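Listed below, chain by chain, are the residues.
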Amino acid sequence: MEKIFKSHGLKFYRTGKCKRCGACEKLDCPHFKMIDDLATCDIYKGNRPQICKDFPNHPFLRVIRSGVCGYKFEPVTKKDDKKFKELLKAWQL
Ligand code: SF4
């Protein structure tokens, strides 16, 4: 079963996977490094915080909107899709 991510009262499915491009820089995390041109987390197999396991967690992030990230978000319902488009337009994203 796919995990559902919630943001601004909307629900999204996340598909895809990390392609280790490094574009997000994991929000300036001190554990993030580029090694041999691959984004690398030096505590990936350790005790990562939940926020790191969930990242990226919503479609409003710049790396998601730009299409650079290997992850994509799909609104769960038509109502979520409609409201999502309204928010993007209202926020001029
Ligand atoms: S931008 Fe997306 S694909 Fe690239 S390193 Fe970050 S999470 Fe992975």
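Above this text sits the structure in question.
Reading the values: rules and limits
Residues numbered from 1 in each chain as written. Predicted model: local features only at pLDDT ≥ 70, side-chain atom pairs only at ≥ 80, totals over all residues. Helix = DSSP H or I, 4+ residues; strand = E, 2+ residues; numbered from the N terminus. Buried ≥ 20, exposed ≤ 12 C-beta atoms within 10 Å, placed from the backbone. Contact = placed C-beta atoms within 7 Å. Core = buried A, V, L, I, M, F, W, Y, C linked by C-beta atoms within 7 Å. Pairing = 2+ DSSP bridges. Axes fitted to C-alpha atoms, helices over the stretch in contact; angles between N-to-C directions.

S.K.: Can you help me understand the overall build of the protein chain in this one?
M.R.: Tallying secondary structure elements over the protein chain gives 3 helices and 5 strands in all. For the protein chain, the α and β elements follow one another from N to C terminus as β-β-β-β-α-α-β-α. Each of the three principal axes of the protein chain carries a C-alpha extent, and together these read 40 × 30 × 20 Å. In the protein chain, which comprises 93 residues, the proportion classed as buried is 10%. When contacts within the protein chain are restricted to residue pairs at least 6 apart in sequence, long-range pairs at least 24 apart make up 55% of them.

S.K.: Would you mind going over the nonpolar core with me for this structure?
M.R.: Looking at soluble globular proteins, one finds that nonpolar side chains tend to be buried together. Counting 7 residues, the largest nonpolar core consists of Leu10, Phe12, Cys24, Ile64, Cys69, Phe73 and Phe84. In this structure, Ile64 is in contact with Pro56, Pro59, Cys69, Tyr71 and Phe73, ignoring residues within four places of it in sequence.

S.K.: Please explain the sheet that holds strand S5 (residues 71-75) as it appears in this structure.
M.R.: Strand pairing in a sheet relies on backbone hydrogen bonds. The paired strands run either parallel or antiparallel. An order of S1-S2-S5 is seen for the 3 strands of this open sheet, with the pairing classed as antiparallel. Edge positions in the sheet fall to strand S1 (4-7) and S5, since each of these pairs with one other strand and no more. Each strand of the sheet is rotated relative to its neighbour by a mean of 40 degrees, with strand direction disregarded. Sheet topology places strand S2 (residues 10-16) next to S5; 5 bridges connect them, and they run antiparallel. Bridge pairing in S5 places Thr15 opposite Lys72. Taken strand by strand, helix H3 (residues 78-90) contacts S2 and S5, and its axis lies near 95 degrees from that of S2.

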